[in-house]
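# Descriptive analysis of the structure
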Amino acid sequence: MDSLYQQITRAQADYARCIDDDRLEEWPDHFHGSCIYKITTAANQREGLEGAIIFANSKGMLKDRVSALREANIYERQSYRHILGQPSILQESATEVRSETSFLVARIVQDGDTDIFATGRYLDLYKIEDGKVRLDERIVVCDSSRIDTLLALPL
Amino acid sequence: MLHETHKATRTETLTRVPYWVFQTAETYRQEQERIFQGPSWHYLALEVELPEPGDFRVTKIGETSVVVTRDDDGEIYAFENRCAHRGALICLDNCGKGKKDFSCVYHAWTYDRQGNLRGIAFKDGIKGKGGMPESFRMEDHGPRKLRIAILHGLIFGSFSEEVPPIEEYLGDEICARIERVLGGRKPVVLGRVTQALPNNWKLYMENVKDSYHASILHLFFTTFELNRLSLKGGIIVDESGGHHVSYSAIDTSVQKDAEYSKQQLRSESEYKLADPSLLQGFEEYHDGVTLQILSVFPTFVLQQIQNAVAVRQIVPRAIDKTDLNWTYLGFADDTPEQRLVRMKQNNLVGPAGYISMEDGCVGGFVQRGIAGASEEEAILEMGGSQAQSSESRVTEASVRGFWKAYRSNMGM
């Protein structure tokens with residue numbers, strides 16, 4: 001049986017791999033039904049501004065993000081490579097874990113350029129159910145306030 | 001970057017745009033002088049972002065850094081962020097509160113909140129030696145000050161003494177449409193983000209003014225009938241051509257019409273939301289208008305898409321680099337439920353916006369597409385050759401309007 005720390009690490013690695021492998025349809029399953037997923041900037045976070053670049057408060061909204069990317073939105077083919085830091089466990093109880101994990105995401109566009117697209121941290125709330133951890137809330141705080149061209153794929 | 005000089009020929013038509021205007025260093029340089037420092041009003045900040053004396057924000061007009069402040073008299077001031085001494089930035093922070101004065105870090109020349117030079121380190125030298133000459137008068141030196149105009153909480157600034165008052169600059173119709181969204185209300189900043197666009201600034205402004213593309217490029221928009229060209233709506237172009245409004249209202253009496261199906265556009269798909277609460281807004285303006293995109297020449301946009309309200313400021317950084325600064329707004333009297341609606345609907349706009357996402361990259365597609373074609377021209381004939389208001393949005397009239405104002409400012 002994995003320790004709680006191992007479970008969090010495993011969940012985070014699976015999450016990143018799901019996006020990087022272009023299995024976006026599986027991405028919402030990393031969250032509970034009622035969940036918060038938000039991408040914001042460190043400046044907004046510091047000022048206490050609630051506005052976000054992406055905001056979802058249901059798994060349905062995450063699914064809609066994926067179907068919009070697949071069927072509606074036009075953007076050049078691209079992929080991410082997530083490099084994750086070790087999670088810091090900020091709080092834990094029998095049912096919940098709060099953690100913070102740094103990330104670096106490289107974006108590879110179709111002409112072959114690889115650039116550092118975003119760095120930041122995940123502020124996570126995991127719920128433990130039946131011995132399994134799953135995201136209840138993920139606030140993605142990007143260090144920079146400037147997003148290059150567009151943010152299509154989730155971070 | 002192209003270094004050669006292109007001779008702009010005076011043309012009778014607004015229906016052609018030579019591609020070199022998006023490419024040459026000479027054009028870019030002239031724009032800084034004739035447009036950004038010329039007789040135009042430029043959006044600087046919101047009044048609510050500077051509520052108290054001593055509050056300040058740093059912004060840009062073209063490439064010029066500008067400090068915006070509120071002083072003890074309650075008035076807004078703005079001055080160039082350039083020390084009168086040797087040209088260093090006076091203010092390094094992007095924003096702050098409780099600022100009594102601004103002191104250049106290089107040699108501590110100090111300015112008050114209105115941009116007046118008030119102090120020079122070692123002005124009288126030390127022990128009678130060194131120092132500035134007696135003839136040097138501080139009041140004769142300082143960063144350039146801007147004229148300020150405030151309209152419904154929007155702060156505009158200009159380097160020009162010639163620019164007409166803001167109401168005259170915009171005209172009644174544009175003013176009324178700004179008032180419709182912001183008049184008598186106290187906005188609240190919900191968040192900010194900058195989108196770095198890989199293209200010339202004018203390509204973004206063309207896109208904003210282009211009511212023709214909206215339902216073709218943006219599938220998300222059309223499928224959910226937020227915006228179809230066949231709905232009620234229209235465009236307003238002011239006398240100068242430079243300012244515009246594109247608006248639409250859901251006409252519930254009209255069912256899916258045949259025109260769209262005939263075009264076989266990509267936008268006719270069967271696409272359903274798993275969580276349709278995204279589009280469940282509230283009646284805010286009581287006029288049925290679900291979309292109003294308004295632009296002020298040269299670089300300001302006020303957006304209302306359902307309950308998603310934002311201001312956008314366009315800042316050129318290089319010939320083919322532009323910053324698009326988004327400020328998402330709510331209002332002080334929003335209920336928590338209304339605030340949540342705005343949070344959800346902001347998914348429509350910004351760098352990850354269901355409908356703005358494409359606008360971030362399409363300018364880059366043009367910039368790359370025209371790379372080897374500086375002598376070729378864009379065609380702007382949809383809806384005729386004029387730059388005037390129209391009940392149809394199948395028109396490029398407001399794009400032509402932009403070029404009308406641009407040519408007039410640039411002397412082209």
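Structural data are supplied above this passage.
Please read all numbers here as calculations on a predicted model, not as lab measurements.

Here the focus is helix α3 (residues 172-182) of chain B. Taken together, the buried positions of α3 of chain B are I174, C175, R177, I178, R180, V181 and L182 of chain B. Phi for G184 of chain B, located one or two positions after α3 of chain B, is positive at around 70 degrees.

The next point concerns the sheet that holds strand β11 (residues 154-158) of chain B. All names here are of chain B. Across the sheet, which stays open at both edges, the three strands sit in the order β2-β11-β10 with antiparallel pairing between neighbours. The open sheet terminates on both sides in strands that have one partner only, identified here as β2 (42-46) and β10 (147-151). This sheet shows a mean twist of 30 degrees between the axes of neighbouring strands, independent of strand direction. Taken together, the five bridges between β10 and β11 define a ladder with antiparallel strand orientation. Opposite L151, over in β11, you have L154 as the bridge partner.

In this section: the interface of chain A and chain B. Listed per partner, the contact involves 34 residues of chain A and 37 residues of chain B. When the two sides are added together, the surface that chain A and chain B hide from each other amounts to roughly 3200 Å², 53% of it contributed by carbon and sulfur. Among the residues chain A hides against chain B, the three largest losses belong to I74, R146 and T149 of chain A. Together they make up 19% of the total. One can count four salt bridges joining chain A with chain B. Among the salt bridges present, the one from D323 of chain B reaches R146 of chain A, with a minimum N-O distance of 2.5 Å.

Looking now at the pairing of β2 of chain B. Here is the key point about a regular strand: its side chains alternate between the two faces of the sheet. All names here are of chain B. Among the five residues in β2, five count as buried, and that is most of the element. Sheet analysis places β2 next to β11, joined by four bridges and oriented antiparallel. Bridge pairing links Y43 to F156 in β11.

Below, the discussion takes up the packing of aromatic side chains. Counted under the stated rule, the structure contains 22 aromatic pairs over all chains. Taken together, a centroid distance of 5.6 Å and an interplanar angle of 25 degrees make the contact between Y80 of chain A and F117 of chain A stacked. Separated by 37 residues along the polypeptide, Y80 of chain A in strand β3 (residues 78-84) and F117 of chain A in strand β6 (residues 114-129) bring together distant segments of the chain. For the pair Y80 of chain A and F117 of chain A, a shared accessibility class is recorded, and that class is buried. Seen in terms of ring centroids, W403 of chain B and Y406 of chain B are 5.0 Å apart; in terms of plane orientation they differ by 75 degrees. Their pairing is edge-to-face. Linking W403 of chain B with Y406 of chain B, this pair stays in helix α10 (residues 397-410), spanning three residues, or about one helical turn. Side by side, W403 of chain B and Y406 of chain B carry an identical accessibility label, which is buried. Three or more aromatic residues link up through ring pairs in this structure, and these residues are F22, F36, W201, F297, F402, W403 and Y406 of chain B. One cation-aromatic arrangement involves R180 of chain B over Y285 of chain B; the distance from NZ or CZ to the ring centre is 4.4 Å. Taking the ring centre of F331 of chain B as reference, the NZ or CZ of R185 of chain B above it sits at 3.6 Å.

The rules behind these values
- Residues numbered from 1 in each chain as written.
- Chains lettered and ligands numbered in written order.
- Predicted model: local features only at pLDDT ≥ 70, side-chain atom pairs only at ≥ 80, totals over all residues.
- Heavy atoms only, no water.
- Buried < 20%, exposed > 50% of the residue type's maximum accessible area, 1.4 Å probe, protein only.
- Helix = DSSP H or I, 4+ residues; strand = E, 2+ residues; numbered from the N terminus.
- Pairing = 2+ DSSP bridges.
- Axes fitted to C-alpha atoms, helices over the stretch in contact; angles between N-to-C directions.
- Contact = heavy atoms within 4.5 Å.
- Buried area = accessible area lost by both parts, 1.4 Å probe.
- Salt bridge = Lys/Arg side-chain N within 4 Å of Asp/Glu carboxyl O.
- Phe/Tyr/Trp six-rings, centres within 6.5 Å; stacked < 30°, edge-to-face > 60°.
- Lys NZ or Arg CZ within 6 Å of the ring centre and 35° of its normal.

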